[in-house]
Amino acid sequence: MNKRCSCKISGVTMEVNRSSTLFLEREMIFPKLEFNSRTEVLQYMAHQFTKLDLAKESYAAALIEREAHFPTGISARAFDIAIPHCASENVNRTSMAVATLTHSVDWHAMDDPNKILQPTVVFMLAIKDPDKQIETLQKIMAIIQNSQLLQDISVAVTRDEIFSKLDPILNV
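The rules behind the values
- Residues numbered from 1 in each chain as written.
- Predicted model: local features only at pLDDT ≥ 70, side-chain atom pairs only at ≥ 80, totals over all residues.
- Heavy atoms only, no water.
- Helix = DSSP H or I, 4+ residues; strand = E, 2+ residues; numbered from the N terminus.
- Expected span 1.5 Å × (residues − 1).
- Contact = heavy atoms within 4.5 Å.
- pLDDT = per-residue confidence, 0-100.
- Core = buried A, V, L, I, M, F, W, Y, C linked by side-chain atoms within 4.5 Å.
- Buried < 20%, exposed > 50% of the residue type's maximum accessible area, 1.4 Å probe, protein only.
- Salt bridge = Lys/Arg side-chain N within 4 Å of Asp/Glu carboxyl O.
- Phe/Tyr/Trp six-rings, centres within 6.5 Å; stacked < 30°, edge-to-face > 60°.
- Pairing = 2+ DSSP bridges.

We now examine helix H1 (residues 38–51). Taking 1.5 Å of rise per residue, 14 residues should cover 20 Å, and H1 covers 20 Å from first to last C-alpha, within 8% of that figure. Of the surrounding elements, those touching the buried residues of H1 are strand E3 (24–33), helix H2 (59–69), strand E6 (95–101), strand E7 (107–108) and strand E9 (121–126). Note on H1: the residue one or two positions beyond its end, aspartate 53, has a positive phi of about 60 degrees.

Structure representation (structure tokens):
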């Protein structure tokens, strides 16, 4: 059951939809990771989905293939981010992972694949029901439009810190 509610996050009040499913779990938050490439980020995060049976074994390859043709880098208000995702047939349960990177990696921009961005926060999505994609993207937009929230996430050093910032928006 969904309902609208107001949340005050990092000093900004937002209207968000709430559902009863847990979308982001602490186990899917990875602070301060170090990678040398976008592919390493995708492989690591995708492995976490398959390890918890949130996605199928095909998930990693599907993410990498999709990124090659439809990149997911976004220049947000605070800094560059990435929102990798792939087709629902590779997903077992709708969920999300968040990684903060100790240093940025090259990522092609969603709006201009020739443009290279330098994200330090990655929100990886696994959406089982394509009809829920818009609702999921609305939640993500509420996050990336809040510069202070993104800054808080990027400097957080523990899963609990990041979870406490995102839980009011993504879960309940």
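The next subject is the confidence of the model for the protein chain. Predicted confidence across the protein chain gives a mean pLDDT of 87, with 87% of residues reaching 70 or more. Overall, residues 1–21 carries pLDDT values under 50, and its contacts beyond four positions in sequence, including any with other chains, amount to 60 contacts.

The biggest cluster of nonpolar side chains holds 27 residues, and the ones touching the most others in it are Ile81, Met96, Val98, Phe123, Ile143, Ile153 and Leu166. If you list the elements that add at least two residues to this core, you get E3, E6, E9, helix H3 (133–144), helix H4 (147–155) and helix H5 (159–170). Among the elements that line this core, the one with the most residues is H5, at five residues. If you look at the next biggest cluster of nonpolar residues, it comprises 25 residues, including Met45, Tyr59, Val91 and Trp107.

Glancing now at the pattern of salt bridges. Evaluated as defined, the whole model comprises four salt bridges. Arginine 93 is the partner of glutamate 25 in a salt bridge, and the nearest nitrogen-oxygen pair spans 2.2 Å. In this pair, glutamate 25 is assigned in strand E3 and arginine 93 in the loop between strand E5 (80–82) and E6, connecting sequence segments 68 residues apart. Since its relative accessible area comes to 19%, glutamate 25 is described here as buried. A salt bridge links lysine 139 to glutamate 135, with the nearest nitrogen and oxygen atoms 3.9 Å apart. Of this pair, lysine 139 and glutamate 135 both sit in helix H3, four residues apart, which is roughly one turn of the helix. There is no split in this pair, since lysine 139 and glutamate 135 are both buried.

With that out of the way, let us pick up the environment of leucine 33. Mapped onto the secondary structure, leucine 33 falls in strand E3. Non-local contacts of leucine 33, meaning those with residues more than four positions away in its chain, are made with Tyr44, Ala99, Thr100, Leu101 and Thr102.

Take the packing of aromatic side chains next. Counted by the stated rule, this structure contains three aromatic pairs. Ring centres of phenylalanine 35 and tyrosine 44 lie 5.5 Å apart, and the angle between their planes is 50 degrees; this geometry places the pair in the tilted category. The exposure class assigned to tyrosine 44 is partly exposed, which follows from its relative accessible area of 29%. Seen from their ring centres, phenylalanine 49 and tyrosine 59 are 5.0 Å apart, and the 50 degrees between their planes marks the pair as tilted. Of the two residues, phenylalanine 49 sits in helix H1 while tyrosine 59 sits in helix H2, which places them 10 residues apart along the sequence. For phenylalanine 49, a relative accessible area of 0% gives the class buried. Relative accessible area serves as the criterion here: at 0%, tyrosine 59 is assigned to the buried category. Clustering of aromatic rings is evident, with ring pairs tying together Phe30, Phe35 and Tyr44.

Turning our eyes to something else, we now look at the pairing of E9. Counting buried positions along E9 gives six out of six residues, so the element sits mostly inside the fold. Here E9 shows no split at all, with Val121, Phe123 and Leu125 on one side and Val122, Met124 and Ala126 on the other all buried. When E5 meets E9, the two strands line up parallel, connected through two bridges. Bridge pairing in E9 places isoleucine 81 opposite valine 121. Of the strand pairs in this sheet, E6 and E9 are connected by six bridges, and their pairing is antiparallel. Its bridge partner being in E9, methionine 96 is matched across the sheet by leucine 125.

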